[in-house]
Amino acid sequence: MRKMIRGAAAFATAAAAVVALGGAAGASGAQPADTWAGCPDGAVCIYPQNQNPAVSPSHVFYSYGAHNLSNQFGNHWVLNNQYGGASARLCKGSNGVNCGNPIAQGTGVYADLGPINSITLNR
């Protein structure tokens, strides 16, 4: 019984620490953005061709680095819903080669993805 009470106390202490840290992160501005046009917090999203306005993404990327694209033609919204200053770039080459200007967090572009073969997510 004592082990169970100690375990419950340890869990309550850990939960309080997580809540306290969460409050501190929110106060410093490090908290993730809200879901934006169906793009989850911390993600970069590509929407189907000619979906304007952007409503439901067809591709969602979370991990940093290059992501190759295929069968993407015409105009698409690309929204950067990352946080912490992370950016994204559209690249003409595969594996993140020959990239264009950065797409800052909280912004998006309506771009012709015909000549685009990859996208990079950058810290």
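Residues numbered from 1 in each chain as written. Predicted model: local features only at pLDDT ≥ 70, side-chain atom pairs only at ≥ 80, totals over all residues. Heavy atoms only, no water.

For the protein, the helix and strand inventory stands at 1 helix and 7 strands. In the protein, the succession of α and β elements from N to C terminus is α-β-β-β-β-β-β-β. Residue burial in the protein is summarised as follows: out of 123 residues, 27% are buried. Contacts in the protein between residues at least 24 apart in sequence constitute 61% of all its contacts with a sequence separation of at least 6. As presented, the protein carries roughly 7,300 Å² of accessible surface, and 57% of it is formed by carbon and sulfur atoms. (Helix = DSSP H or I, 4+ residues; strand = E, 2+ residues; numbered from the N terminus. Buried < 20%, exposed > 50% of the residue type's maximum accessible area, 1.4 Å probe, protein only. Contact = heavy atoms within 4.5 Å. Areas by Shrake-Rupley, 256 points an atom, 1.4 Å probe, with all protein chains shown as cover.)

Another aspect to go through is the sheet that holds strand β1 (residues 43-46). Strand pairing in a sheet relies on backbone hydrogen bonds. The paired strands run either parallel or antiparallel. Spatial strand order, β2-β1-β4-β6: 4 strands in an open sheet with antiparallel pairing. The sheet terminates laterally at β2 (59-61) and β6 (108-112), the two strands that pair on one side only. Neighbour to neighbour, the strand axes of the sheet diverge by 20° on average, direction disregarded. (Pairing = 2+ DSSP bridges. Axes fitted to C-alpha atoms, helices over the stretch in contact; angles between N-to-C directions.)

With that settled, consider unusual backbone geometry. Here the residue pair Asn52 and Pro53 is connected by a cis peptide bond, since its omega of 10° sits within 30 degrees of zero. One non-glycine residue, Asn50, lies in the positive phi region at around 60°. Judged by its relative accessible area of 47%, Asn50 is partly exposed. Unusually for a residue other than glycine, Asn71 sits at a positive phi of about 55°. Summarising the element assignment, Asn71 is placed in the loop between β3 (65-68) and β4 (75-81).

Turning next to the confidence of the model for the protein. Looking at the protein, the pLDDT average stands at 80 and 73% of residues meet or exceed 70. A low-confidence stretch, residues 1-32 stays under pLDDT 50, and its non-local contacts, those more than four residues away or across chains, total 6 contacts. (pLDDT = per-residue confidence, 0-100.)

What follows concerns the environment of Ser118. Secondary-structure assignment places Ser118 in strand β7 (residues 118-122). In this structure, the C-alpha to C-alpha distance between Ser118 and Cys99, residues 19 residues apart in sequence, is 8.6 Å. Ignoring anything within four residues of it in the chain, the contact list for Ser118 reads His67, Asn68, Leu69, Arg89, Leu90, Cys91, Gly93, Ser94, Asn95, Gly96 and Val97. Polar contacts involving the side chain of Ser118 include one to the main-chain carbonyl oxygen of Gly93, which spans 2.6 Å. (Polar contact = N/O pair within 3.5 Å; in protein donor to acceptor, adjacent residues only side chain to side chain.)

Read from one edge of the open sheet, 3 strands run β3-β7-β5, paired in antiparallel fashion. Of all strands in the sheet, those bounded by a partner on one side alone are β3 and β5 (87-91). Averaged over neighbouring strand pairs, the angle between their axes works out to 20° when direction is ignored.

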